[in-house]
Amino acid sequence: MTETLLDDATQGRVVAAYLKSHPQFLSDYPELAAQLTMPHEKGAVASLAMYQLQSLRDKNAELERRLADLIAIAADNEKLMERVHALTVALLRANTVEVTARSVVAKLSADFHTDQVRLLLFGNQPELPRAAWLQQIPGGAAELPEFADFLQQLEPVSGRLSPQKLERLFGDDADHVHSAAVMRLDHTGMLAIGSKDPDRFQPGMGTLFLKMIAATVTAALARARDVA
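Overview of the structure.

Considering the nonpolar core
Among the nonpolar cores identified, the biggest contains 29 residues, and Leu-108, Leu-119, Met-183, Leu-185, Leu-191, Ile-213 and Val-217 are the most heavily contacted of them. Top element by residues in this core is helix H7 (residues 208-227). It accounts for eight residues. The residues contacting Met-183, other than those within four sequence positions of it, are Phe-150, Pro-156, Gly-189, Met-190, Leu-191, Ile-193, Leu-210, Ile-213 and Ala-214.

Structure representation (structure tokens):
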């Protein structure tokens, strides 16, 4: 028993000596400082207790910041979901391809606060209006070599497009588009949204809502053609 106590005391002195010669030790291992129990006394030893308290405060502040970010993201997602729902309802009311196309562009421009919207539809449909926001591509995907790779996949793309792609999508307004999101509408065509803000659409951003919009527009156009 005595030998054990002496050993513990010796080990304690070794630890104390090490900490004295390495005062930055707890800075290197802050998780240890948060676990230590300190006496409630005045003096130099109280500085470690204050360090522990400040460390816990910093961690709580960081958790609060993360929670605030998550709440903000959730609020933004809720608003986006409401806008996608409103778009879906508007397209359900459309009974022709022209009304469907106009509804898509109108809702995306107004509700989603986008600067430019372009709808590119494969084939030639004389009943559709001649408008800057609509391009009819009689030859289909073959007439869009700039997007050959994109049209082989279903994933939307977002970010800063090449000048050639911007020109093909937005024509005379291409110089005003600094970031964009492009969606494939199955075998029907493409939908592009452009923004003057270079950070509005970024590579790697979540594409869930873009996929939902693309699927909704594709289904609405197919329905309108079937009704016609």
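Quick look at helix H6 (residues 163-170)
Along H6, the residues classified as buried are Leu-166, Leu-169 and Phe-170. Around the axis of H6, the buried residues are gathered within 75 degrees of arc, so they sit on the same side. As for H6, its buried residues are in contact with strand E1 (116-122), strand E2 (134-137), strand E4 (179-185) and strand E5 (189-195). One or two positions beyond H6, positive phi appears at Gly-171, with a value near 55 degrees.

Overview of the side chain of Thr-216
Along the polypeptide, Thr-216 turns up in helix H7. The buried category is assigned to Thr-216, whose relative accessible area is 17%. With residues up to four places along the chain from it excluded, the contact list for Thr-216 reads Thr-88 and Leu-91.

Considering the pattern of salt bridges
Across all of its chains, the model carries eight salt bridges by this definition. A salt bridge links Lys-107 to Asp-111; its shortest N-O distance comes to 2.7 Å. Arg-184 is the partner of Asp-186 in a salt bridge, and the nearest nitrogen-oxygen pair spans 3.9 Å. A relative accessible area of 38% places Asp-186 in the partly exposed class. Through salt bridges with shared partners, a single network forms among Glu-62, Arg-65 and Arg-66.

Notes on the layout of surface pockets
Left-over empty space is what a probe sized like a water molecule reveals as it rolls over the atoms. Computed from the structure, the largest pocket encloses a volume of approximately 320 Å³. Along the walls of the largest pocket sit 16 residues, with Leu-80, Phe-201, Met-205, Phe-209 and Leu-210 positioned nearest its centre. When contributions to the lining of the largest pocket are tallied by element, the ones reaching two or more residues are helix H4 (46-93) and H7. A total of four residues in the lining of the largest pocket trace back to one element, the largest contributor, which is H7.

Overview of the environment of Ala-192
Examined against the element boundaries, Ala-192 turns out to sit in strand E5. Among the residues examined, Ala-192 registers a relative accessible area of 0% and is labelled buried. For the pair formed by Ala-192 and Val-157, sequence separation is 35 residues and the distance between their alpha carbons is 9.7 Å. The contact partners of Ala-192, leaving out residues within four places of it in the chain, are Gln-116, Val-117, Arg-118, Leu-169, Phe-170, Ala-181 and Val-182.

Considering the pairing of E4
Counting buried positions along E4 yields seven of seven residues, so the element is predominantly enclosed. In E4, alternate side chains face the same way, and those of Ser-179, Ala-181, Met-183 and Leu-185 on one face and Ala-180, Val-182 and Arg-184 on the other are all buried. Sheet topology places strand E3 (residues 157-159) next to E4; three bridges connect them, and they run antiparallel. Across the sheet, Val-157 pairs through a bridge with Val-182, a residue of E4. Between E4 and E5, which pair antiparallel one after the other, the connecting turn spans three residues, and Asp-186 there sits at a positive phi close to 50 degrees.

Rules used in this analysis
Residues numbered from 1 in each chain as written. Predicted model: local features only at pLDDT ≥ 70, side-chain atom pairs only at ≥ 80, totals over all residues. Heavy atoms only, no water. Core = buried A, V, L, I, M, F, W, Y, C linked by side-chain atoms within 4.5 Å. Buried < 20%, exposed > 50% of the residue type's maximum accessible area, 1.4 Å probe, protein only. Helix = DSSP H or I, 4+ residues; strand = E, 2+ residues; numbered from the N terminus. Contact = heavy atoms within 4.5 Å. Arc of directions from axis to C-beta. Salt bridge = Lys/Arg side-chain N within 4 Å of Asp/Glu carboxyl O. 1 Å grid on protein atoms, 1.4 Å probe; cavity = no way out; pocket = protein on both sides within 12 Å on 5 of 7 lines; lining within 4 Å. Points joined across faces, edges and corners; volume = space filled by probe spheres on them. Pairing = 2+ DSSP bridges.

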